[in-house]
Amino acid sequence: MQIIKKVLNSSVVLVEDERGVERVLLGKGIGFGAKQGDSVAPEATDRVFVALDDADQRNLVELLAQIPGEFVELTRAIVLDAENSGIQLDAHIYLTLTDHLHFAVERHRRGLQVTNRLAWEVRTVYPGEYEVGLRALALLRERTGVALPDEEAANIAFHLVNSEVGRPAVDSIRVVGLVSDITTIVTHSGGVALDGDDLHTRRFLTHLQFFAERLFSGRLAGQDDDLLFATMTQKHPRAVATAERVRAFVRKEHEVEISDEEVGYLALHIARAQSA
């Protein structure tokens, strides 16, 4: 049995079970006409529980109380779309994405424009999440009448990536930022022309994505394969020289030392892109 402790808005209530465990319960119209002490049936398939495990999460209750229920319902529709696309998300996406959507709309209504300079990289590194973001913008426009620019889809994609179940616990903004930096080095120093729709470019950017995720989660390869590095140095010195520039950049900007094995694999992908 779930008892309502507080109605946050028409789509969000704070409930408590018989053991005293509190949760946020999301559901279309669940808070409409409800009051403290009412019981709610948890069986409905369109309802989502978000556990409150610590004091920091309790602050999110107050946040949701300030956001109209339509944004919670919009987030629910976006999450369903993502799940139908094979993207499994942690329940806290309902809090972070709802807050972001509300802020983005309010910012747009006040005439404040914020440029996402990583939109191209997000589209190429996280294409599935970006497509969900584009459909989310269409849904937002349909429900609120607010037409946000397409680059806002990249911001939505960031929230989806950071909430994906099973993905390394790293900040997607840092990942995409590093991919952008390395792409600039490779383009200018390695003579590689990257095309976001080209197969070789997508393969290269996918490698950079996983490289960045491994770097920020402390899972870079060690010195186990010096043979690859030696072979690439002999056969593809230009690609290795570019990869060494990446190593120097990462050492300087992120204070992380990249092994010869990682440099060898990076050079391998650079060489493939150079020959495309």
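Before reading on, note that the structure itself is shown above.
**Q** Outline the overall build of the chain, listing residues and values.
**A** The number of helices and strands found in the chain is 11 helices and five strands. Evaluated residue by residue, the chain yields a buried proportion of 46% over its 276 residues. Considering only intrachain contacts with a sequence separation of at least 6, the fraction spanning at least 24 residues in the chain is 67%.

**Q** Explain the nonpolar core to me, using residue names and the numbers behind them.
**A** The biggest cluster of nonpolar side chains holds 76 residues, and the ones touching the most others in it are Val-24, Leu-26, Leu-101, Leu-178 and Ile-270. The next biggest cluster of nonpolar side chains, apart from the first, holds six residues, and it includes Ile-4, Val-15, Leu-25 and Ile-30.

**Q** Explain the environment of Leu-63 to me, using residue names and the numbers behind them.
**A** Within the secondary structure, Leu-63 sits in helix H1 (residues 55-65). Residue classification places Leu-63 among the partly exposed positions, given a relative accessible area of 23%. Sequence separation between Leu-63 and Thr-96 is 33 residues; the distance between their C-alpha atoms is 10.0 Å.

**Q** Summarise the pairing of strand E2 (residues 12-16); cite the residues concerned and give the values.
**A** For E2, a buried count of four out of five residues is recorded, marking the element as mostly surrounded by other parts of the structure. Alignment of strand E1 (residues 2-9) against E2, held across five bridges, turns out to be antiparallel. Of the residues in E2, the one forming a bridge with Asn-9 is Val-12. Between E1 and the antiparallel strand that follows it, E2, lie two residues. In terms of strand pairing, E2 meets strand E3 (residues 22-26) through five bridges, oriented antiparallel. Looking at the pairing, Val-15 lines up with Arg-23 of E3. What sits between the antiparallel neighbours E2 and E3 is a turn of five residues, in which Gly-20 has the positive phi angle 85°.

**Q** Tell me what's going on with unusual backbone geometry, and back it up with residues and numbers.
**A** With phi around 55°, Glu-255 is a residue other than glycine that occupies positive phi space. Within the fold, Glu-255 resides in the loop between helix H10 (237-254) and helix H11 (260-275). Assessed through its relative accessible area of 70%, Glu-255 is described here as exposed.

**Q** Describe the packing of helix H5 (residues 127-144) against helix H6 (residues 152-162), listing the residues and the values that go with them.
**A** It is the contact of H5 with H6, at a shortest axis distance of 8 Å, that shows an interaxial angle of 125°. Classed by the angle they form, the pair H5 and H6 counts as oblique. In terms of crossing hand, the pair formed by H5 and H6 is right-handed. Between H5 and H6, the residues in contact are Glu-129, Tyr-130, Val-132, Gly-133, Leu-134, Ala-136 and Leu-137 and Glu-152, Ala-153, Ala-154, Ile-156, Ala-157, Leu-160 and Val-161, respectively. Residue classes in the contact of H5 with H6 are distributed as 11 nonpolar, one polar and two charged.

**Q** How would you summarise helix H9 (residues 226-235) if you had to cite specific residues and measurements?
**A** The set of residues buried in H9 consists of Leu-228, Phe-229 and Met-232. In a view along the axis of H9, the buried residues occupy a sector of 100°, so they form one face of it. More than 90 degrees from the buried face of H9, the exposed residues found are Leu-227 and Gln-234. Here the buried face of H9 lies against H10 and H11.

The rules behind the values
Residues numbered from 1 in each chain as written. Predicted model: local features only at pLDDT ≥ 70, side-chain atom pairs only at ≥ 80, totals over all residues. Heavy atoms only, no water. Helix = DSSP H or I, 4+ residues; strand = E, 2+ residues; numbered from the N terminus. Buried < 20%, exposed > 50% of the residue type's maximum accessible area, 1.4 Å probe, protein only. Contact = heavy atoms within 4.5 Å. Core = buried A, V, L, I, M, F, W, Y, C linked by side-chain atoms within 4.5 Å. Pairing = 2+ DSSP bridges. Axes fitted to C-alpha atoms, helices over the stretch in contact; angles between N-to-C directions. Parallel < 35°, antiparallel > 145°, perpendicular 65-115°, else oblique. Left-handed = near helix turned anticlockwise from the far one by under 90°. Nonpolar A, V, L, I, M, F, W, Y, C, P; charged D, E, K, R; others polar. Arc of directions from axis to C-beta.

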